[in-house]
Each structure stands twice: as C-alpha cells, then as structure tokens.
Amino acid sequence: MAVIFSKIGIIGGGISGLAAAKQLAEHNPIVFEATDSIGGVWKHCSFRTTKLQTPRCDYEFSDYPWPLRDNTSFPSYNEILEYLNSYANHFDLFKFINFNSKVVEIRLAKDHLESPSKLSTLLPGKPVWEVAVQTSGSTAIQWYGFEFIVVCMGKYGDVPIIPTYGRNKGPEVFKGKVMHSQEYSKLDAEESSQLLKGKKVVIIGYKKSGIDLAVECAEANQGDDGKACTMVVRTSHWTVPHYSIWGLPFYLFYSTRFSQFLHARPNQGTLRTLLCQLLSPARKAASKIIESYLLWKLPLVKYGLKPDHPFEEDYASCQMAILPESFFPEADKGKINFKRSSNWWFWEGGVEFDDNTKLEADVVLLATGYDGKKKLRTVLPEPFRSFLEYPSGMLPLYRGTIHPLIPNMGFMGYVESVSNLQTSEIRCKWLARLVGGKFKLPSMEKMLEQVNTEMEIMKNTTRFYKRTCISTFSINHNDEICEEMGWNSWRKKSWLAEAFSPYNSQDYQD
C-alpha cells in the first residue's frame, strides 16, 4: 500500500491525545487509537468503583468546564468518560481519530537517516517519521509519513509490570487464580463479584489500584460467610481521606504560589537557593501538620501502615492517594487485612513471605503497576530507543514534552502533577505554538541543562523521584512555559489571589 502523508500524527486517544488534537487541529492531525474508543486508562484500566482523585474543577480543560463544576464530590470513571466524549464532540475531534489502529513501528524517513539531528524546523515540508499502523482484525500494515509526531501512549495501561520469581516460586506452582489489575479491569460487575465472593484473596500492592481492589473485594464479601482479603504492603504511602487538613483547605499547603515558594525550583538563583534552605523548617512543618492530622484521622498505627518517610515525599512524587470512604471501616469489620513484607513468592496454596509465614489464597491480584517505557521501546527505532534510558531512570523531556535527542517528536503524559489533565493541556498549547513557529527551542545543550536541573530537584525532594512529578514546583514550571509562549506568567486578577489561590486550568485560558 502507498504511504499516506500528513503534517502531524498523534499516537493515543486518551486525555493527552485529545488535548493534542484540539490544540493542533489547524494542521488536521491524524490520531491513532489502538482501541474502539477514546479515554485511555479511564476506559481500559478502571474498576467498577474507580473515581477521580481531585474535584471536577481541578480536572477539566481550560475551554470546556464541567457541568456543575463546583460539585465537590469526586466523579466516577463513567462520568469522566462522558466528559471526555462531550469535549471531543464539542470540538469535533472525532474526525481526526482512526480507531482500532495500533502503531506497531516508527522509523526515520529515508531522507533523514544520515543526519536526523540537523533538522532546522519542526515542519520541514516533507516526512521525518514513518509510522506503521495495523488495524484490528487485519494483518495488513499501512505506512504513514509525518513531519512531526506527538506520542500520547501514556505511562499507564497496556504493559503490566509482572514481578519476577525464583525457580518454582512463580504462579506456575500456585493452584489458584493469578490476575493483574489490568486484566481485572476488563471484568464486568458480575464477573468481578464471582471472582472475589467467598474467596480468600491476596492483593499485592498498596497504591491506588490496590486500595480500590481491596474495597471491591470487601464489598463482594459482605455477610458472615464472606472472606477477608489481605493486602501485601511493601512500602506504606501516605493516604488522605479528603482535601481538608485540620479544617484548612489542602491546597494552602502545596498548591498556591506562596506555598510553593518554600520549595526548590529550577533556575532559582543563588539568593533564592539560600532562602529556600532558610525556609526548610517551614516546609517540614507543613508536612508534619498534615502527618499529624492523618495519624489522628486514620488508624494507620493500628494497622501498621504509618509510612517511614515524610508526607512531602509522597506529594512530591505524585503518590498521594485519596482513600475510598469505606476502606478503613471495612478493615475495622475484618474484611481487609494487611501484611507488611518486602519479599514474597508463591507456594501451591497461596503466598509465602521472607519471615517464614504463609497466606492461603484462592485468588492473587497483582496491583503492581505498568511499564510505560516498555511501550515506547517497542515502537521507537534505535538509536532513539536507547535515549529513553537516562541515568536517573526518568524520561528526559524539556518542558515535559521534547526529548532533546529525538527530532520532530513530542511526548505527552509522561510528566505528572496534581492534575495530569492540566499538565497535558498547557504543554499541548505550548507545543502547538512551537510547531507553528511562534518561538524556537533552545540549543540541545540548554535543554539538557534544564532537564537535568529539574531531575536534581526531584531527586533531592523525594526518594520516589523516578515517577517524574513536578507537583512541588508546578506553578513555576507553568510560568516558564507561559513566558516561552509570550504569555504573562502571573494569571490571577489580584496579588492576594496570586499568592494564596490555587492554580487550575481556567487560569490558563488563551
């Protein structure tokens, strides 16, 4: 089949892919979505009880507010999908999307094989990348040529992380059922209930997916004949029941310009660095105040779940989870148990631990996360595939979007913050202006210097830095993006609001 040429290709139809399609609409992009629907992880990795972890007003596009956006309840995944479909319909984005179209390979166009780094423009007028696409139900491959590609495959979904085991210690020796959370998310309500009801269930993991799985397991086992599930916890992380701390709104601690002034940020200068060190007691105090409230509000000590690290480290790595209301009440009823252990493996009747104890199990659910880099490695060619491996373990992206060593390609959804939708949308606005020639990128050396500076801040703030999270300096990060676009970086209407009000997508309207 002949190669189909277009200016811009977008890989993925999740929130980042939709934001990219909207901002780049003037170029008539082609969006490849491997499944039959938009929504990304919200469509394909959500459980029956999955909800957003922020209020609606903190998870919306700047030009498309939620209906009833002041509703403080957290929307379900179905409500989020309705919102995303409504957004796509409103801005006529479906016309750009090729469903059931899986990208299986990306390669440099022949004209650029000799010197890919010497490209002087992002839209050179001829293809830089060629993309192989396979349609569901067909073995045929259709090739496309693009001047620029936006990769929105995301960090989550598709490629589950499966633990490795020693000889005769893996799932093959276990006589029960082993399932990753990704596979579980494909079950409907009846199927998931049948899997869990009356069964001895062990859940590996104590992050958001594991917590949601435990609640669903407890709900399926109500009554005297119901079985308890057990969560295996390697590292306990701080969880919060709601966004209020001792009666104060949570955003006052981390999400205002004033509160983020206490934290290190890139390009802050010597005086600012010294001031940040002097203010470190205030920063630690904020973390201690939150910890004191959580220890008072939640039975963390009772269940041996008090983390060994400060709250700030979980916030700075985007690992803070919102607890379902019924989580600890179900634990108090004996429906959810906890087992702290760093190492575990299978035996024929369940799971064994390094303290020589065993748990009997009928079902073992793995809430062990996803390997987003592996998804990228499967489609990117060499040498670019090797550029994904950086000494820090993080993906080196300038402005969270451009890899300095990979030409004419943007990446969306690989940097996290408190609101990943806001993070993706403002970067898509930045990218659209970059592609449109409104400004130019710095030199490769300058971009790498900026990336390394941000990585050092993350490494110095939290031991969990490999998640690439900018939550403690997100406002400054967006300031620099605004300045490159020629926008005023201070977006509020008054100095008081600028200092003490949280930033959200509405502040970054065009």
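Shown above is the structure to which this text applies.
Computed from a predicted structure; not experimentally measured.

Basis of the calculations
- Residues numbered from 1 in each chain as written.
- Predicted model: local features only at pLDDT ≥ 70, side-chain atom pairs only at ≥ 80, totals over all residues.
- Heavy atoms only, no water.
- Pairing = 2+ DSSP bridges.
- Helix = DSSP H or I, 4+ residues; strand = E, 2+ residues; numbered from the N terminus.
- Axes fitted to C-alpha atoms, helices over the stretch in contact; angles between N-to-C directions.
- Contact = heavy atoms within 4.5 Å.
- Expected span 1.5 Å × (residues − 1).
- Buried < 20%, exposed > 50% of the residue type's maximum accessible area, 1.4 Å probe, protein only.
- Arc of directions from axis to C-beta.
- Core = buried A, V, L, I, M, F, W, Y, C linked by side-chain atoms within 4.5 Å.
- Salt bridge = Lys/Arg side-chain N within 4 Å of Asp/Glu carboxyl O.
- Disulfide = S-S within 2.5 Å.
- Phe/Tyr/Trp six-rings, centres within 6.5 Å; stacked < 30°, edge-to-face > 60°.
- Parallel < 35°, antiparallel > 145°, perpendicular 65-115°, else oblique.
- Nonpolar A, V, L, I, M, F, W, Y, C, P; charged D, E, K, R; others polar.

1. Regarding the sheet that holds strand 7 (residues 177–180)
The strand order across the open sheet formed by five strands is 7-18-8-9-14, and the pairing between neighbours is parallel. Two strands in the sheet have a free side with no partner beyond their single neighbour: strand 7 and strand 14 (336–340). Taken over all neighbouring pairs, the strand axes of this sheet differ in orientation by 20° on average, direction set aside. Bridging between strand 7 and strand 18 (residues 363–366) involves four bridges; their strand directions are parallel. Note on strand 18: the bridge partner recorded for Lys177 is Val363. Here helix 5 (residues 189–196) sits on the sheet in contact with strand 7, strand 8 (201–204) and strand 18, set at roughly 125° to strand 18.

2. Looking at the sheet that holds strand 17 (residues 358–360)
With antiparallel pairing, three strands are arranged side by side in an open sheet as 15-16-17. Two strands close off the open sheet at either side, each with one partner strand: strand 15 (344–347) and strand 17. Within this sheet the neighbouring strands show an average axis-to-axis angle of 25°, counted without direction. Two strands pair when backbone bridges link them, and strand 15 and strand 16 (residues 350–353) are joined in this way by four bridges, in the antiparallel orientation. The residue bridging Phe346 from the neighbouring strand is Val351, located in strand 16.

3. Re helix 15 (residues 444–461)
Its 18 residues place the ends of helix 15 26 Å apart at the C-alpha level, agreeing with the 26 Å of an ideal helix rising 1.5 Å per residue. Taken as a whole, helix 15 has its buried residues at Met447, Gln450, Val451, Glu454, Met455, Ile457, Met458 and Thr461. Seen from one end, helix 15 has its buried residues packed into an arc of 155°, which puts them on one side. Seen from the open side of helix 15, the exposed residues pointing more than 90 degrees away from its buried face are Glu445 and Asn460. Check the buried side of helix 15 and you find it contacts helix 11 (311–316) and helix 16 (474–485).

4. Some points on the nonpolar core
One finds Ile10, Trp42, Leu84, Phe148, Val150, Trp430 and Leu431 to be the most contacted residues of the largest nonpolar core, which totals 60 residues. Secondary structure elements with two or more residues in this core: strand 1 (4–11), helix 1 (15–23), helix 3 (77–90), strand 6 (141–151), helix 14 (420–435), helix 15 and helix 16. Per-element tally for this core: the top contributor is helix 14, with eight residues. Leaving out residues up to four positions away in the same chain, Val150 has contacts with Ile8, Gly9, Ile10, Ile11, Ala20, Leu24, Gly410, Met412 and Leu431. One finds Leu195, Tyr206, Ala220 and Ile245 within the second-largest nonpolar core, a separate group that totals 46 residues.

5. Details of the environment of Arg107
You can see Arg107 is positioned in strand 4 (residues 101–108). Setting aside residues up to four positions removed in sequence, Arg107 forms contacts with Val128, Trp129, Glu130, Trp143 and Pro381.

6. Observations regarding the pattern of salt bridges
Pairing between side chains of opposite charge can happen when the charged atoms of each approach one another. Enumeration over the complete set of coordinates arrives at 28 salt bridges. Measuring nitrogen to oxygen at the nearest pair gives 3.5 Å for the salt bridge that ties Glu219 to Arg48. Of this pair, Glu219 sits in helix 6 (residues 208–220) while Arg48 sits in the loop between helix 2 (41–44) and helix 3, placing them 171 residues apart in sequence. Among the residues examined, Glu219 registers a relative accessible area of 36% and is labelled partly exposed. When its relative accessible area of 42% is taken as the criterion, Arg48 is described as partly exposed. Ionic pairing is found between Arg69 and Glu60, a salt bridge with its closest N-O pair at 2.4 Å. Using a relative accessible area of 0% as the deciding quantity, one classes Glu60 as buried. The network of salt bridges with shared partners includes Arg48, Glu216 and Glu219.

7. Here we look at the state of the cysteines
In a disulfide, the sulfur atoms of two cysteines are held together by a covalent bond. In this structure the tally under the stated criterion is one disulfide. Across the disulfide from Cys318 sits Cys469; the S-S distance is 2.0 Å. A torsion of 70° about the S-S bond marks the disulfide between Cys318 and Cys469 as right-handed. Note that Cys318 is positioned in the loop between helix 11 and strand 13 (321–322) and Cys469 in the loop between helix 15 and helix 16, a separation of 151 residues in sequence. A single burial state applies to Cys318 and to Cys469, both of which are buried. Cysteine Cys482 shares no disulfide, and the gap to the nearest cysteine sulfur, in Cys428, comes to 14 Å. Judged by relative accessible area, which is 0%, Cys482 ranks as buried.

8. Brief notes about the packing of aromatic side chains
A full pass over the atoms with the stated rule returns 42 aromatic pairs. Here Tyr165 and Trp344 contribute two aromatic rings whose centre-to-centre distance is 5.4 Å and whose plane-to-plane angle is 70°, an arrangement assigned as edge-to-face. On the criterion of sequence distance, the pair formed by Tyr165 in the loop between strand 6 and strand 7 and Trp344 in strand 15 is long-range, its members being 179 residues apart. Relative accessible area serves as the criterion here: at 23%, Tyr165 is assigned to the partly exposed category. The buried category is assigned to Trp344, whose relative accessible area is 14%.

9. So, the packing of helix 9 (residues 269–278) against helix 10 (residues 280–297)
Close contact between helix 9 and helix 10 brings their axes to 4 Å; oriented N to C, the two are set at 50°. Relative to helix 10, helix 9 is oriented oblique. Counted together, Cys276, Gln277 and Leu278 of helix 9 and Ser280, Pro281 and Arg283 of helix 10 form the full contact between these two elements. Grouping the amino acids of the contact of helix 9 with helix 10 by side-chain chemistry returns three nonpolar, two polar and one charged.

10. Brief notes about the side chain of Ser16
Within the element layout of this structure, Ser16 appears in helix 1. According to the relative accessible area criterion, Ser16 is buried, its value standing at 7%.

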